[in-house]
Amino acid sequence: MGRNTALPGEFERFRATAERWPDDTGCSLLHIDMDAFFAAVELRTRPELADRPVMVAGAGPRSVVLSANYPARRFGVGSAMPVAAARKLCPGIVTLPPTRGSYGEVSRAVLALFHEITPLVEPLSLDEAFLDVSGALRRLGASPAEIGAEVRARVEADHGLTCSVGVAGVKFVAKLASGMAKPDGMVVVPRDETVSFLRPLPVSALWGVGPRTAETLRGHGLRTIADLAATPAERLRAWVGRAAAEHLGALARGHDDRAVVPATAEKSLGAERTFDTDLADRHEQRRQLLDLSERVAATLRSRHLRGRTVSIKVRFADFRTVTRARTLPGATDVARLLHSTAVALLDELGSTAPVRLLGVRVEGIAGAAEAEQLSLEDVRPGSRWRDAEVAADGARSKYGAAAVRPASLLRRDQD
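An account of the accompanying structure is given in this report. Every chain's residues receive numbers from 1 upward, in the order its sequence appears when written. Where local features are concerned, this predicted model is filtered to residues with pLDDT of at least 70; where side-chain atom pairs are given and counted, the filter is 80 or more; whole-chain, interface and lining totals use all residues. As a rule here, side-chain values cover all heavy atoms of the structure and leave hydrogens and water aside.

1. Let's talk about the overall build of the protein
For step 1, the next point in the chain: Numbering goes from the N terminus for both helices and strands, where a helix is a DSSP run of H or I of at least four residues and a strand is a run of E of at least two. A count of helices and strands for the protein gives 16 helices and 13 strands.
For step 2, the next point in the chain: Here the protein holds 415 residues, and the buried ones make up 46% of them.
For step 3, the next point in the chain: Here, two residues are considered to be in contact whenever any of their heavy atoms come within 4.5 Å of each other. Taking all contacts inside the protein whose residues are at least 6 apart in sequence as the whole, residues at least 24 apart take part in 67%.
For step 4, the next point in the chain: The Shrake-Rupley method, run with a 1.4 Å probe, gives the accessible areas here. Residue values count only the displayed protein chains as cover. When the accessible area of the protein is evaluated, it comes to approximately 20800 Å², of which 52% is carbon and sulfur surface. Burial status follows relative accessibility: with a 1.4 Å probe on protein chains alone, a residue under 20% of its type maximum counts as buried, one over 50% as exposed, and anything between as partly exposed.

This is how it looks when you write it as structure tokens:
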């Protein structure tokens, strides 16, 4: 285990290997983070590229890096970086297009594996989650670190992917540990060594310390967590405020009372697109809103959800960004209704300025069992449109995403 992990010298004792197994007594919290997730998923079908620098990104001039494998990261390539900048850092980098739907599918399968171990799983994103294994120790006859090792082995055997695991007694330390374990390793922080593990780390490692707070702390001479822990509370309150001072002071002493909270129902779903060239044509803007509405509605239906509030996001060529929202009489998952509402919101802006980005989002989400209470004039058309869209879902599931599309989208795609 830990084939590629390189820890700083002072943290080497926390690495879990076949020869070294730190004391994991009382360390029932695991943070599991998939390694270069999007890139790793794509490389499963391109193993010949595994040792070459690879990034997952779109083809447009404004595309950004969605994921980079570790050979690419050695050149400084990272997520959210403009593709042009990545190619300057690593001229020979291979670009793979993202495969829509595959990442969610793999993520759900990995989460299902986690749920086989414990019901206390808190996903943070598609590629990371917290697990509380305290209730599984006796049932599995294993220690927390042994469970972490089993998870890593299962993920690799079942899905051809690697993950890194942090094991600790508190959540934020487990997350720090998994970051140190990357890639493909495990770091265990014994409960009674939590403070000694934290002391040499920079203040920016503390959960909740962003660039501005880190700059403030460094401006007062606090560079490490040890510096912060030694600072009198009243002085820290004067610098960052009472709430932040209490929060950071507790973390610096290794205190974090937050429990692992299983996933709750989604509150919103959306889709957005940044265009290669700014859109000035209103007809084309409406067409793009239709495509986004179709995507959002299909996702709602696939998850048996509906939403009541439709919002749009518009970013203009000068990077000015505005949002507008409207609440419907009842919850819906019908793309036709989402689109007409989004177009109305766009028209209400009254702007003719070129558009750089458009987004459609649905909020106020509830289960599909909730009745769709539309106005009288909308009920029948909405019902008919939903029937047609459900039928299209079935065709796309069987024959592919491009099998059935609105005519206006299909015509432009064929130009």
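What follows continues from the structure just given.
2. Looking at the sheet that holds strand 2 (residues 54–57)
For step 1, the next point in the chain: Reading across the sheet, the three strands line up as 3-2-4 and stay open at both edges, with mixed pairing between neighbours. Each edge of the open sheet is held by one strand with a lone partner, namely strand 3 (65–68) and strand 4 (94–96). Neighbour-to-neighbour, the strand axes of this sheet turn through a mean angle of 30°, independent of strand direction.
For step 2, the next point in the chain: With three bridges joining them, strand 2 and strand 4 adopt parallel strand pairing. From the neighbouring strand, Met 55 faces strand 4, where its bridge partner is Thr 95. Here, strands pair whenever DSSP counts at least two bridges between them. For helices, the axis comes from a line fit to the C-alpha atoms of the stretch in contact; other axes are also lines fit to C-alpha atoms, and the angle between any two N-to-C directions lies between 0 and 180 degrees.

3. Re helix 6 (residues 144–159)
For step 1, the next point in the chain: Taking 1.5 Å per residue, 16 residues should reach 22 Å; helix 6 reaches 22 Å between its end C-alpha atoms and fits that length.
For step 2, the next point in the chain: Taken together, the buried positions of helix 6 are occupied by Pro 144, Ala 145, Ile 147, Gly 148, Ala 149, Val 151, Arg 152, Val 155 and His 159.
For step 3, the next point in the chain: Those residues of helix 6 that are buried are in contact with strand 1 (29–34), helix 4 (102–117), helix 5 (137–140), strand 7 (163–168) and strand 8 (186–188).
For step 4, the next point in the chain: In the stretch just after helix 6, Gly 160 is the one whose phi turns positive, near 65°. To estimate the expected span of a helix, count its residues, drop one, and scale the result by 1.5 Å.

4. Remarks on the packing of aromatic side chains
For step 1, the next point in the chain: Ring geometry is summarised as follows: Phe, Tyr and Trp rings, the Trp one being its six-membered ring, pair when their centres sit within 6.5 Å, and such pairs are stacked at plane angles under 30 degrees, edge-to-face over 60 and tilted between the two. Within the structure shown, the criterion is met by seven aromatic pairs.
For step 2, the next point in the chain: Residues Phe 11 and Phe 197 carry aromatic rings whose centres are separated by 5.5 Å and whose planes lie at 70° to one another, so their mutual orientation is edge-to-face. With Phe 11 in the segment before strand 1 and Phe 197 in helix 8 (residues 194–198), this pair connects stretches of sequence that are 186 residues apart.
For step 3, the next point in the chain: A residue is classified by how much of its surface remains accessible, and Phe 197, at 0% relative accessible area, is buried.
For step 4, the next point in the chain: Among the aromatic residues, ring-to-ring pairing joins Phe 11, Phe 14 and Phe 197 into one connected group.
For step 5, the next point in the chain: Cation placement over rings: the criterion is NZ of Lys or CZ of Arg within 6 Å of the ring centroid and within 35° of the ring normal. Residue placement shows Arg 73 over the ring face of Tyr 70; its charged tip is 4.5 Å from the ring centre.
For step 6, the next point in the chain: Sitting above the plane of the Phe 130 ring, Lys 171 keeps its charged end 4.9 Å from the centroid.

5. Thoughts on unusual backbone geometry
For step 1, the next point in the chain: Residue Pro 183 is reached from Lys 182 by a cis peptide bond, and omega for that bond is -10°.
For step 2, the next point in the chain: Along the chain, Pro 183 turns up in the loop between helix 7 (171–181) and strand 8.
For step 3, the next point in the chain: Not every positive phi belongs to a glycine, and Ala 36 is a case in point at roughly 45°.
For step 4, the next point in the chain: Examined against the element boundaries, Ala 36 turns out to sit in the loop between strand 1 and helix 1 (37–43).
For step 5, the next point in the chain: Although it is not a glycine, Ala 80 adopts a positive phi angle of roughly 75°.

6. Concerning the nonpolar core
For step 1, the next point in the chain: Counting residues in hydrophobic clusters, the biggest one holds 34 residues, and the most contacted among them are Phe 114, Leu 131, Val 155, Leu 161 and Met 186.
For step 2, the next point in the chain: At the level of elements, strand 1, helix 1, helix 4, strand 6 (128–132), helix 6, strand 7 and strand 8 are the ones that each hand at least two residues to this core.
For step 3, the next point in the chain: No other element matches the seven residues that helix 4 contributes to this core.
For step 4, the next point in the chain: When neighbours within four sequence positions are excluded, Val 155 is seen to be in contact with Met 34, Val 110, Leu 113, Phe 114, Gly 160, Leu 161 and Cys 163. Put simply, a nonpolar core is a bunch of buried Ala, Val, Leu, Ile, Met, Phe, Trp, Tyr and Cys residues held in one set by side-chain atoms that sit within 4.5 Å of each other.

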